[in-house]
Structures are given as C-alpha cells and as structure tokens.
Amino acid sequence: MRVELAKKMRIDEAKAYVAEKLGVEVSELNDVSVMREVRNDLNIGEPNARPENAFGLIAKARIAKLLDIKIPSVEKFRGMIDAEF
Amino acid sequence: MAEEKKYFTRYGDGYSTYMTKDEIKKDVERGVEDAASRGKIDPLTEAEKSYIVDIITMPAKMASVEPGKEVVLSSDEGTLKASVRCGVSIDRTTAVAVEERILCMDSAELAHIDYSYKPIKPIIFDEVCAMQHAELNSIIPLFYGAMPNLGLYTKPDGPYDNWAELLPAGKVAEAREAQEKAAEQAAKDIVSVADHMVEAGADALNMDTVGASGDADALAAFTAMKEIHRKYPDFPVEMGMAGEFFLGMHGKLTFEGEQLAGMYPHEQVKIAEKAGATIFGPTINTNSSETFAWNLARTCTFIKACSEESTIPIHPNVGMGVCSMCLTDSVPLDAASRADKAIVEIGRADGL
C-alpha cells in the first residue's frame, strides 16, 4: 500500500519492489511467520506490542528509509523537529 | 431421474436461494452481456465466465485468492465504523490503532461523522489535531476521507437553489446554473481541507462517493483533484466512485474535454489519471433483484475493462450494495469472499 501511494505502482510491481527492498521473495510477503521475523529484524513494527519494538512514527520513518519512499507524515514531523531520523 | 444438483447462493439483497449449475451459467452469461452492452466494453472470455461459475459453486463456505494474488485493502469512513456504526465508545484515533493492531488492516482512514468536505471546514483545526495524534501513533498509511456531497450546497443547507426541485419544474437552465455554482464551491472546499491535511501530515486523502449527486458532483471532485495535484504533486489521493456511471443531472458538464454524464469506470479512470489521482476506486451497482451470479459476472466485466485501461492502482469498492456485495448491512461472507476472489483474479484489481 505504501508503494502504491508513493509511486502509483500497481500491485504486482509494488510487491516486487517491496520484496526486493526487504530481501524476501514476493511469495513471503504474505507469510506471517516470515514477515514477523523480518519486521522484527528490521525493527519496523508489528501488531504485537513488544518493549523494544519501534512503533508509530518511529516505525514509519524506518519504513520510509528502507523502501526509499517519501511518507507525508514522516516528512511533516521531520520538519517539525528539524532533525534527521 | 435424479434431480439436478442445486448450489447454495444468494440474490443481490442477500437472501439465499438454490440454483443448478446451468441456471448459474445462464445468469453469468446475462450479467456479462449486460455490462458489455451498457459499457460498450469487451465481454469476459469463456474461461473467465467458467471460472466465475467455479467460484460460485465451490464447496467451501469461504473463498480466497490463490497464493501470490493477495492485494491490499483501503477503506472508506474507516474510523467511524467502530465508534459510530457499531456504537463502540472509543475515540477515532483509538479506532485507528484497533484497525492497525487488532484487525491488521493495510491502511486506515480518519473521518468526521458528517463525512462530507463542506461541514468539515468549520472544524478543520480539530481534525488537523486528531490527524497529527493519529499519525504519531500509527504505522499503516492513514487517509483523511470525506465526500464531495454536492447536495449539501442546496437550500436550506447551502446557498444555491435545489436542482432536484428546479428540474421537475422545467427550470433546466436554472438547475444547471445552480449545479455549476455548487460544483465550483465544493471544489474549493475540498482543496481547502486538503491544504490543512497536508499541513497535518496526513499520509493521503480519500475523495469518496464521487458522483453521488451526478455529473456536477464528479466535476467538483476532479477539479479539486487537479488543483490538489498541482499544489502538492507528491500528496497521494484515492478517488472512490459512488456508482457505475455519472448521472447526467446537469448533462453538459465536461472535464478535460470529456463529457462526464454517462461515463463508466473504464472512462472514469482515465479522467482520474489526468486529474492526478493516485488510486482509483471503481464502483458497480448491485441489483438486489438479480442473483449473485448475475451481479458478480457483471461486476467482473466492468472491473476488468477498467483495470485494463488504468495505469494507476485500482481498488474496487466492495462495500455493502456495490461490486456484487449484497445490499444488506451485514454482508454474508460466503458471497463477499467469492466476490473478492473474482474481482481480484478476473477483474485484476490492485486492492479492494
């Protein structure tokens, strides 16, 4: 969804883009057992609350960097604190 | 002679029925023909029609797409579903967290209970604060959504005469003038809300139920879309349609040289692309008196044509009463899941 929004990519192209950036197979993007580990390794948040996990805007900022996309909320808050994160 | 096997299925209003495979095939054929005739588009192939019959008659209660064909979900009026529709006493920003962390949605939408751009303007600063709080605490893309809802611009709620009253009185010119003025004002209101949502850091905007009041409603939305894209080229906007074609309440309105009245989804998406939309949401009306087979075949024919024309992602609106979803508040999942599967696999949707 992030890549559809950021680059107007259609679903197959968007999935291939995300899989390449995350270093997984396209077929693994929908495999919760794989993606939970990937998400935790990359610290980009997951539904379960864990003390050390990134969440909210912190996770979004990491996703923007990882996928090399602009996320409006991340850009907005980056400007508000005038800092790189 | 043994009685021919009958399969459990439904009508467009959700009520159940049993049909033989031949009866289902005939309704699939009729649905495809109806869409191809109305939209002047190619019918589905024999293999695709046969696949719809397979989906409807498959023995499982629930259906799902084949592995690898998964798509993403966006929604309209998302955060109001819990706090208003279902009466759960939670704040809208809490509803965003519920959608992300409990329902595991791919995106969420913050919305105000009026769900129209005009009444949002006076309270926009509260909406900006809510959006900022929600964005700070969410990971999934967060939209702000509302409808153009041109009807709100007519007296006594708005400044212009009501074209629905002028037309039956034979005052066609006056009805057209009222719609033109309303569309101009509505476009300004949508852009004004977008300005503030960009300021708030919203991840995207959703213009939902476009064309609900006819071609002038659609003109307001596309005009606003073009201006938003001019001002904020990187700001994503999803445009969801109200129905399968724009009613010609005005009849002569054009956008980018194309007449809006009578446009079907494969034509609407090209206008949305020109205006700068990021995601297009086609809608096909559900006929509650026809069978699910007829509605599903018709929907897939229209959506496939739209997908083939589109260069941007399409998310067909598969809510209650559209895109072959039954016209009932509690949509039966046997029908809903079959519709999702067919729309993704045959209609080639990028999301729902």
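Criteria and thresholds
Residues numbered from 1 in each chain as written. Chains lettered and ligands numbered in written order. Predicted model: local features only at pLDDT ≥ 70, side-chain atom pairs only at ≥ 80, totals over all residues. Heavy atoms only, no water. Salt bridge = Lys/Arg side-chain N within 4 Å of Asp/Glu carboxyl O. Axes fitted to C-alpha atoms, helices over the stretch in contact; angles between N-to-C directions. Helix = DSSP H or I, 4+ residues; strand = E, 2+ residues; numbered from the N terminus. Left-handed = near helix turned anticlockwise from the far one by under 90°. Contact = heavy atoms within 4.5 Å. Nonpolar A, V, L, I, M, F, W, Y, C, P; charged D, E, K, R; others polar. Pairing = 2+ DSSP bridges. Buried area = accessible area lost by both parts, 1.4 Å probe. Polar contact = N/O pair within 3.5 Å; in protein donor to acceptor, adjacent residues only side chain to side chain. Buried < 20%, exposed > 50% of the residue type's maximum accessible area, 1.4 Å probe, protein only. Right-handed = clockwise from strand over helix to strand, strands pointing away. Expected span 1.5 Å × (residues − 1). Domains from an automatic or database assignment. Disulfide = S-S within 2.5 Å. Patch = residues over 30% accessible without salt bridge, like charges linked within 9 Å, V, L, I, M, F, W, Y side chains within 5 Å. Areas by Shrake-Rupley, 256 points an atom, 1.4 Å probe, with all protein chains shown as cover. Lys, Arg positive; Asp, Glu negative; His and termini not counted. Charge placed at Lys NZ, Arg CZ, Asp CG, Glu CD.

Caption draft 1: Molecular detail of the pattern of salt bridges. Counted under the stated rule, the structure contains 31 salt bridges over all chains. One continuous salt-bridge network, built from bridges that share partners, spans Arg 36, Glu 46, Arg 50 and Glu 52 of chain A.

Caption draft 2: View of the packing of helix α8 (residues 172-200) of chain B against helix α9 (residues 215-231) of chain B. Residues and elements named next belong to chain B. It is at 8 Å that the axes of α8 and α9 come closest, and there the two elements cross at 35°. For the pair α8 and α9, the sense of crossing is right-handed. Within the contact between the two elements, α8 uses Gln 179, Ala 183, Ala 186, Ala 187, Ile 190, Val 191, Ala 194 and Asp 195 and α9 uses Asp 215, Ala 216, Leu 219, Ala 220, Ala 221, Thr 223, Ala 224, Glu 227, Ile 228 and Lys 231. Residues of the contact of α8 with α9, tallied by class, amount to twelve nonpolar, two polar and four charged.

Caption draft 3: Quick peek at the sheet that holds strand β3 (residues 108-116) of chain B. Residue and element names in this part refer to chain B. Sheet architecture is open: five strands sit in the order β3-β4-β5-β6-β9, paired in parallel fashion. Two strands in the sheet have a free side with no partner beyond their single neighbour: β3 and β9 (279-281). Put simply, the sheet's adjacent strands are angled 20° from each other on average, direction ignored. Sheet topology note: the strand β5 (residues 204-210)/strand β6 (residues 237-241) ladder contains four bridges and is parallel. What sits directly across from Leu 205, in β6, is Val 237.

Caption draft 4: View of the interface of chain A and chain B. With 30 residues of chain A in contact, the opposing surface of chain B contributes 43 residues. Of the roughly 2700 Å² buried between chain A and chain B on both sides combined, carbon and sulfur atoms contribute 57%. Arg 2 of chain A is the salt-bridge partner of Asp 203 of chain B, the closest N and O atoms lying 3.2 Å from each other. Linking chain A with chain B are 22 residue pairs in polar contact (both at pLDDT 80 or more), by the criterion used here. Every element with two or more residues in the side of chain A that touches chain B is listed here: α1 (2-7), α2 (11-22), α4 (56-67) and α5 (72-81) of chain A. Its residues placed into classes, the side of chain A that touches chain B shows 15 nonpolar, five polar and ten charged.

Caption draft 5: A look at the pairing of strand β1 (residues 6-10) of chain B. Residue and element names in this part refer to chain B. Sheet topology places β1 next to strand β2 (residues 16-20); five bridges connect them, and they run antiparallel. Across the sheet, residue Lys 6 finds its bridge partner in β2, namely Thr 20. Taken together, β1 and the strand that follows it, β2, pair antiparallel across an intervening segment of five residues, in which Gly 14 is found at a positive phi of about 100°.

Caption draft 6: Structural detail: the pairing of β5 of chain B. Residues and elements named next belong to chain B. In terms of burial, β5 is largely enclosed, as seven of its seven residues are buried. Where strand β4 (residues 142-147) and β5 come together, four bridges link them in parallel fashion. Bridged to Phe 143 within β5 is Ala 204. Tracing the backbone out of β5, into α9 and back to the parallel element β6 gives a crossover that is right-handed.

Caption draft 7: Fine view of helix α2 (residues 46-57) of chain B. Residue and element names in this part refer to chain B. Taking 1.5 Å of rise per residue, the twelve residues of α2 would be expected to cover 16 Å, and the 17 Å separating its terminal C-alpha atoms lies within 8% of that figure. Three or more residues of α2 are buried, namely Glu 48, Lys 49, Ile 52, Val 53, Ile 55, Ile 56 and Thr 57. For α2, the elements touching its buried residues are β1, α1 (21-39), α11 (292-309) and α12 (333-345).

Caption draft 8: Local environment of the domain arrangement of chain B. Residue and element names in this part refer to chain B. According to the domain assignment, chain B consists of domain 1 (1-59 + 284-298 + 326-352) and domain 2 (69-281). Each side of the interface is counted separately: domain 1 has twelve residues, and domain 2 has ten residues. For the pair domain 1 and domain 2, the summed buried area comes to about 920 Å², and 55% of that belongs to carbon and sulfur atoms. Seen at the junction of domain 1 and domain 2, the total is one salt bridge. A salt bridge links Arg 298 to Glu 244; its shortest N-O distance comes to 2.7 Å.

Caption draft 9: A look at the state of the cysteines. Residues and elements named next belong to chain B. Under the defined criterion, the tally for this structure stands at zero disulfides over all chains. For Cys 86, which is in no disulfide, the shortest distance to another cysteine sulfur is to Cys 104 and amounts to 18 Å. For Cys 86, a relative accessible area of 58% corresponds to the exposed category. Distance from the sulfur of Cys 300, which forms no disulfide, to the nearest cysteine sulfur (Cys 323) is 9.0 Å.

Caption draft 10: Examining a negative patch on the surface more closely. All names here are of chain B. Taken together, the side chains of Glu 3, Glu 4, Asp 22 and Glu 23 define an acidic patch exposed on the protein surface. One can find Glu 4 in the segment before β1. Using a relative accessible area of 45% as the deciding quantity, one classes Glu 4 as partly exposed.

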